[in-house]
Amino acid sequence: MTKGAKDLKNAYILQARMQYKGELLKTSLSTYIRLYFADKRVRDIDNYGKLLLDSLTWVVYEDDKQIKLMTVQICE
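Every chain's residues receive numbers from 1 upward, in the order its sequence appears when written. Where totals are concerned, whole chains, interfaces and linings use all residues; where local detail is concerned, this predicted model gives features only for residues with pLDDT of at least 70, and gives and counts side-chain atom pairs only at 80 or more. Derived side-chain values reflect all non-hydrogen atoms in the structure, with water molecules and hydrogen atoms excluded from consideration.

**Remarks on the overall build of the chain**
Put simply, the rule reads: Numbering of helices and strands starts at the N terminus; helices are DSSP runs of H or I of at least 4 residues and strands are runs of E of at least 2. Relative accessibility decides the category of a residue: with a 1.4 Å probe and only protein chains considered, values under 20% of the type maximum give buried, values over 50% give exposed, and everything between is partly exposed. Throughout, a contact is declared for two residues whenever any of their heavy atoms are within 4.5 Å. For this count, His and the chain ends are skipped, Lys and Arg are scored as positive, and Asp and Glu as negative. The atom standing in for a charge is NZ when the residue is Lys, CZ when it is Arg, CG when it is Asp and CD when it is Glu.
Across its full length, the chain holds two helices and two strands. Starting at the N terminus and walking to the C terminus, you meet the elements of the chain as α-β-α-β. By principal-axis analysis of the C-alpha atoms, the chain measures approximately 35 × 25 × 20 Å. The burial tally for the chain puts 24% of its 76 residues in the buried class. When contacts within the chain are restricted to residue pairs at least 6 apart in sequence, those whose partners lie at least 24 apart make up 79%. Across the chain, the centroid of the 13 positively charged side chains sits 3 Å from that of the 10 negatively charged ones.

**Quick notes on the packing of helix 1 (residues 3-19) against helix 2 (residues 49-56)**
Selection rule: Think of each axis as a best-fit line through the C-alpha atoms, taken over the contacting stretch in the case of a helix, with angles from 0 to 180 degrees between the N-to-C directions. Any angle that is under 35 degrees is reported as roughly parallel, and any over 145 degrees as roughly antiparallel; angles of 65 to 115 degrees are reported as roughly perpendicular and all others as oblique. Should the near helix be turned counterclockwise from the far one by less than a right angle, the crossing is left-handed, whereas a clockwise turn marks it as right-handed. Gly is placed with the polar residues, together with every amino acid not listed as nonpolar (Ala, Val, Leu, Ile, Met, Phe, Trp, Tyr, Cys and Pro) or charged (Asp, Glu, Lys and Arg).
Packing of helix 1 against helix 2 brings their axes to within 9 Å, and their N-to-C directions diverge by 50°. Between helix 1 and helix 2, the angle falls in the class oblique. Pair helix 1 / helix 2 crosses with right-handed handedness. On helix 2, the residues that touch A5, L8, K9, Y12, I13 and A16 of helix 1 are L51, L52, D54, S55 and L56. Taken together, the residues that form the contact of helix 1 with helix 2 break down as eight nonpolar, one polar and two charged.

**A word on the nonpolar core**
Under the convention used in this document: Side-chain atoms within 4.5 Å link the members of a nonpolar core, which is a set of buried Ala, Val, Leu, Ile, Met, Phe, Trp, Tyr and Cys residues.
Among the nonpolar cores identified, the biggest contains eleven residues, and these are I13, A16, L29, I33, L35, L53, L56, V59, V60, Y61 and I67. Those elements that place two or more of their residues in this core are helix 1, strand 1 (29-36) and helix 2. Looking at this core, the element that brings in the most residues is strand 1, giving three residues. L35 has contacts with Y48, V72, Q73, I74 and C75, leaving out every residue within four places of it along the chain.

**Structural notes on the environment of V42**
With respect to the element layout, V42 can be found in the loop between strand 1 and helix 2. Counting along the chain gives 35 residues from V42 to D7, while the straight-line C-alpha distance between them is 23 Å.

Right, dumping it as structure tokens:
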């Protein structure tokens, strides 16, 4: 993992810890991820879910294997 990716993952973890105050989830889950970007560059949608879901492990849920449905949308 690059330094930039590690820094981004750590930022995601910090935000999740600040915002999520619930119990650690232990059941099957579904996610809906909306991505917003400051510019109009074309992006590859499958590059964004993994880092985010890994960052939420042991903060929101036990393991990202619990996610059975994932929807990712790039919002313009």
